[in-house]
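# Fold and contact review
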Amino acid sequence: MWYNGNGDAFRHVFWSSALVKRFHDVLNYDLSESQDASERWTDVHEPPNDRGSLASRMDVQNNTLGRESLAPSTYKKDGYAEMVKQAQNYIDIGLAYRIQEIDGRDKIVSTDDTEKK
């Protein structure tokens, strides 16, 4: 399941961490400035009229995870390859979030490795 599932969680975790690296590499921002710029960039992609929705809340949580948890790897030469691995690991061990129907209602739940099986 890609949309609102593990794939969507991976995309947001990786994308926000990749933005931190990009702001650092291209604009020479320090880590804090790069994280702030990544947050502003990703927040713009959550429509104001949708900010309270389950999907938007999930996206914001996953963006935060990527921006804050994966940031140290942004300074490595192979940062993007390492970020892909770390982001996938975060999905597999349940640090990110997805939407799942439980008892007929959509809920935000932790990711897992079920989609890989």
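Presented here is a report on the structure given in the accompanying data block. Sequence positions are assigned chain by chain, starting from 1 and proceeding in written order. Only residues with pLDDT of at least 70 are given local features in this predicted model, and only at 80 or more are side-chain atom pairs given and counted; all residues enter the totals for whole chains, interfaces and linings. Excluded from the side-chain calculation are hydrogens and water; included are all heavy atoms of the structure.

Below, the discussion takes up helix H3 (residues 54–69). Helical geometry note: an α-helix holds 3.6 residues per turn, so side chains three or four residues apart project in the same direction. Helix and strand definitions here come from DSSP, where helices need a minimum of 4 consecutive H or I residues and strands a minimum of 2 consecutive E residues; each element is numbered from the N-terminal end. Any helix carries an expected span of 1.5 Å times its number of residues minus one. Helix length check: H3, at 16 residues, gives a terminal C-alpha distance of 22 Å against a target of 22 Å (1.5 Å per residue), a fit within 8%. When accessible area is computed with a 1.4 Å probe and restricted to protein chains, residues below 20% of their type maximum are described as buried, those above 50% as exposed, and intermediate ones as partly exposed. Looking at H3, one finds that the buried residues are Ala55, Ser56, Met58, Asp59, Asn62, Asn63, Leu65, Gly66 and Arg67. Contacts are assigned to residue pairs that have any heavy atoms within 4.5 Å of one another. Close packing links the buried residues of H3 with helix H1 (6–27), helix H2 (31–44), helix H4 (79–93), strand E1 (97–102) and strand E2 (105–110).

Structural elements are reduced to axes, namely lines fitted to C-alpha atoms, with helices fitted over the stretch in contact, and the angle between N-to-C directions of any two is expressed from 0 to 180 degrees. Between H2 and H3, the least distance of the axes is 10 Å, while the angle of their chain directions is 160°. Taken together, the axes of H2 and H3 lie roughly antiparallel to each other. Pair H2 / H3 crosses with right-handed handedness. The segment H2 lies against H3, with Gln35, Ser38, Glu39 and Thr42 engaging Asn63, Arg67 and Glu68. Residues that form the contact of H2 with H3 fall into these classes: no nonpolar, four polar and three charged. Any angle that is under 35 degrees is reported as roughly parallel, and any over 145 degrees as roughly antiparallel; angles of 65 to 115 degrees are reported as roughly perpendicular and all others as oblique. Each crossing gets its handedness from the near helix: less than a right angle anticlockwise from the far helix is left-handed, clockwise is right-handed. The classification used treats Ala, Val, Leu, Ile, Met, Phe, Trp, Tyr, Cys and Pro as nonpolar, Asp, Glu, Lys and Arg as charged, and all other residues, Gly among them, as polar.

Turning our attention to the pattern of salt bridges. When a carboxyl oxygen of Asp or Glu is within 4 Å of a side-chain nitrogen of Lys or Arg, the pair counts as a salt bridge. Going through the model one piece at a time under the given rule, you end up with three salt bridges. Ionic pairing is found between aspartate 25 and lysine 21, a salt bridge with its closest N-O pair at 2.7 Å. With a gap of four residues between them, aspartate 25 and lysine 21 both fall in helix H1, about one helical turn apart. Among the residues examined, lysine 21 registers a relative accessible area of 5% and is labelled buried.

The next subject is the packing of aromatic side chains. Describing an aromatic ring pair means giving the distance of the ring centres and the angle of the ring planes. Each Phe, Tyr or Trp ring (for Trp, its six-membered ring) is paired with any other whose centre lies within 6.5 Å, and the angle between the two planes then decides the class: stacked below 30 degrees, edge-to-face above 60, tilted in between. A full pass over the atoms with the stated rule returns three aromatic pairs. Centre to centre, the rings of phenylalanine 10 and phenylalanine 14 are 6.1 Å apart; their planes meet at 5°, and the pair counts as stacked. Of this pair, phenylalanine 10 and phenylalanine 14 both sit in helix H1, separated by four residues, roughly a single helical turn. Ring-pair connections join several aromatic residues into one group, and the members of that group are Phe23, Tyr29 and Trp41. A ring is considered to have a charge above it if a Lys NZ or an Arg CZ atom is located within 6 Å of its centre and within 35 degrees of its normal. Above the ring of tyrosine 80, the side-chain terminus of lysine 21 is found at 5.2 Å from the ring centroid.

Contact geometry of H1 with H4 gives a least axis separation of 9 Å together with a crossing angle of 145°. Two packed elements cross with a definite hand, and for H1 against H4 that hand is right-handed. For the pair H1 and H4, the contacting residues are Asn6, Ala9, Phe10, Val13, Phe14, Ser17, Ala18, Lys21 and Arg22 in the first and Gly79, Tyr80, Met83, Val84, Ala87, Gln88, Tyr90 and Ile91 in the second. Counted by class, the contact of H1 with H4 contains eleven nonpolar, four polar and two charged residues.

Functional significance is not addressed by these values, which are geometric in nature.
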